[in-house]
There are 2 protein chains.
Amino acid sequence: MVDRITSSQVAKRAGVSQSAVSRFYTPGASVSAKTAEKVKIAASELGYRPNILARAMVSGKSRIIGLVVAYLENYFYPEALEKLSNAFQERGYHVLIFMASQTAGNVSSVVEEILDYQVDGIVMASVALSSEVGSRCQAAGVPVVLFNRSQDMDDISSITSNNFEGGRKAARLLIDLGHQKIGYIAGWEGASTQRDREAGFNKEISDSGLSVFSRKVGNFRAERTKAATFEMFDKSKVERPDAVFVANDHMAFIVMDILRYEIGLSIPKDVSVIGYDDVPPASWRSYDLTTVRQRANLMVRETVNTILNRIENPNSSDPVKLQIDSPLVIRSSTCQKSI
Amino acid sequence: MVDRITSSQVAKRAGVSQSAVSRFYTPGASVSAKTAEKVKIAASELGYRPNILARAMVSGKSRIIGLVVAYLENYFYPEALEKLSNAFQERGYHVLIFMASQTAGNVSSVVEEILDYQVDGIVMASVALSSEVGSRCQAAGVPVVLFNRSQDMDDISSITSNNFEGGRKAARLLIDLGHQKIGYIAGWEGASTQRDREAGFNKEISDSGLSVFSRKVGNFRAERTKAATFEMFDKSKVERPDAVFVANDHMAFIVMDILRYEIGLSIPKDVSVIGYDDVPPASWRSYDLTTVRQRANLMVRETVNTILNRIENPNSSDPVKLQIDSPLVIRSSTCQKSI
DNA sequence: ATGAAAGCGCTAACAA
DNA sequence: TTGTTAGCGCTTTCAT
């Protein structure tokens, strides 16, 4: 392998000092036009590019953002990841990926690994953070923002959609459509998204003088969701729900498939179904799922702004707790009008 | 922010030299039991962890793998990304993500950026590489492997499924099922996957004395695929295909939806559909798509092995060109028997 | 505006 | 086995 070109080699060729070369690559530095020209020529002749790692070591800024993700099976996350990565790239940063399963111990050891890379900031997507790990990052001076997950007590910034309002809207729609027997299929109960969606949903239901007709837990996982659906729509029951709100789109697809192909109900004639996220398959014709949209673009933009702002402004204090408005997207999995 | 603990601080506290601390963290180094113990204690009391970037600078090994991805909309890639990242993590590496659109200029500038980070290796997923960019990496001594894309001439390693055989198998199945009027919907013609799948498909078709009934280009993109489907199954035509092989699953879902809901054909009664990839939605009940499986686990394992082997063995020469066997997965989007 | 010099935190000879 | 020493490639004072 050919050795990398260094700034000293460029300096020698350009007939200037090594520091002059460094200054040429430092945004707000003082270099005369002629020096700049000499450096530019020498650098391009040699094919020189500054070594980011060396720069990181002395400056303390790596321009690397650590991104922790638990799973990519929910297609909201690949989309978010792509947008996050692009947004950071545009601002001169890059994303170092860390996969983490939900276990707390795992998350904490992953955070240690991240810190080893001297990242400038950390984005945690769909992962909860123990407050001890949070303060570990605080101590290291590395800003953290939670993406699509929030924690009430801790002073950690978080960007989510407004899950409470989203849950409300789902309930409101179903009620307005004339449904009286409304079921709910919950996600993993450790997730703030699940809890907030359900809380908003319950609030609107009870504000309307109704109560939730049936509740099962799908845990955000396929097998559990299948079982939950079968239990909720058990044929032996005298009365079954005429509508169901599912805590995310991925579970909703499973619910729809079971309802149609296993239980033999028609959507939306027999049952209205509504999901949460608006991932791409929700708009595929076979599902055409009414859902609450998480505005990925906005969430990503705010996440990037928040963390970059913290990086450039290390002394800023209050955590940002942003809840992005989440609009209802009405498609054909819910009935058209009063049933 | 609290400053990071350095090896010198640990050394002082442990009453040993700084190099002793360094040795303690170097796998095959010579440290006595008592020194090791002293360092271990001091380090844990201080919460010391080695700075990977500093280590990278002097050793020339960053333990970072650059991963270039063009798009995550095809759900084969999030899956691959997750598995790749996990596999590298297990071997002590981490993945730095670079999103790149297909344009050659973009890929080349992205590669420069990657090289700036002193990565130990580069995995390019679904991206083609100009030979000049390839030799740029060669010159930098950074091994590259293409994931799910290959290039005949260049001496760049690549891991793909056996797309030619996969295409053949798809054709064989359709023919065995008794289909005579078989259509093909192509992906983006710049992709080696598309070309190889089609070549295998064509070979088997003509070996059987048939010819392709109709061919349209979907370009791996939704709008184009819709149009291609409408053209292929235009109602004004006297004869329409009774089967169609679609170059990937994502296009196949669109084809199925159009066929069923826009054109009013029944699958598989009127038309058999077969895709390629076996992404998760292919097994969702609404599609239940017959397809050729790309064995992501195997492809990932080989990719990781190949690149890590190159990193540890810089002098090894011949490029690896691996084609992983791709089995047919028969579901209900193809008819059961001779029609 | 420019060069000299110090040093970021670590590894890798080299002696001892 | 251990400590001393010399850098890795860069940014950043500090004089000039």
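Residues numbered from 1 in each chain as written. Chains lettered and ligands numbered in written order. Predicted model: local features only at pLDDT ≥ 70, side-chain atom pairs only at ≥ 80, totals over all residues. Heavy atoms only, no water.

Asks: What am I meant to see in the nonpolar core here?
Replies: General note: in soluble globular proteins, nonpolar side chains tend to be found buried as a group. Among the nonpolar cores identified, the biggest contains 201 residues, and A:Phe88, A:Ile122, A:Met124, B:Phe88, B:Ile122, B:Met124 and B:Val273 are the most heavily contacted of them. When sequence neighbours within four positions are dropped, the list of residues in contact with B:Phe88 reads B:Ile65, B:Tyr93, B:Val95, B:Val123, B:Val304, B:Ile307 and B:Leu308. (Core = buried A, V, L, I, M, F, W, Y, C linked by side-chain atoms within 4.5 Å. Buried < 20%, exposed > 50% of the residue type's maximum accessible area, 1.4 Å probe, protein only. Contact = heavy atoms within 4.5 Å.)

Asks: So what exactly am I meant to see when it comes to the pairing of strand 2 (residues 94-99) of chain B here?
Replies: Regular strands place their side chains on alternate faces of the sheet. Of all the six residues making up strand 2 of chain B, six are buried; the element is thus mostly covered by neighbouring parts of the structure. Burial along strand 2 of chain B is two-sided: B:His94, B:Leu96 and B:Phe98 facing one way and B:Val95, B:Ile97 and B:Met99 facing the other are all buried. Alignment of strand 2 (residues 94-99) of chain A against strand 2 of chain B, held across three bridges, turns out to be antiparallel. Paired with A:Val95 across the strands is B:Ile97, a residue of strand 2 of chain B. Pairing of strand 1 (residues 64-69) of chain B with strand 2 of chain B, which is carried by six bridges, proceeds in the parallel orientation. The partner of B:Val69 across the bridge, within strand 2 of chain B, is B:Met99. Regarding the hand of the β-α-β motif, the stretch spanning strand 1 of chain B, helix 5 (residues 76-90) of chain B and strand 2 of chain B is right-handed. (Helix = DSSP H or I, 4+ residues; strand = E, 2+ residues; numbered from the N terminus. Pairing = 2+ DSSP bridges. Right-handed = clockwise from strand over helix to strand, strands pointing away.)

Asks: Sorry if this is basic, but what is going on with the environment of A:Phe164 here?
Replies: Residue and element names in this part refer to chain A. Along the polypeptide, Phe 164 turns up in helix 8 (residues 163-176). Judged by relative accessible area, Phe 164 falls into the partly exposed class, the value being 30%. With 32 residues separating them in the primary sequence, Phe 164 and Asp 196 have C-alpha atoms 4.8 Å apart. Setting aside anything within four residues of it in sequence, one finds Phe 164 in contact with Asp 196, Ala 199, Gly 200 and Lys 203.

Asks: Sorry, what's going on with the packing of aromatic side chains here?
Replies: The relative placement of two aromatic rings is captured by the distance of their centres and the angle of their planes. The final tally for this structure, using the stated rule, is 26 aromatic pairs over all chains. With centroids separated by 6.1 Å and ring planes inclined at 85°, the aromatic side chains of A:Tyr71 and A:Tyr77 adopt a geometry described as edge-to-face. You can call A:Tyr77 buried: its relative accessible area is 4%. Seen in terms of ring centroids, A:Trp284 and B:Tyr287 are 6.0 Å apart; in terms of plane orientation they differ by 80°. Their pairing is edge-to-face. On the criterion of chain membership, the pair formed by A:Trp284 in the loop between strand 9 (272-277) and strand 10 (290-293) and B:Tyr287 in the loop between strand 9 (272-277) and strand 10 (290-293) is interchain, its members lying in two chains. A cation over a ring is seen here: B:Arg197 above B:Tyr276, with NZ or CZ 3.8 Å from the ring centre. (Phe/Tyr/Trp six-rings, centres within 6.5 Å; stacked < 30°, edge-to-face > 60°. Lys NZ or Arg CZ within 6 Å of the ring centre and 35° of its normal.)

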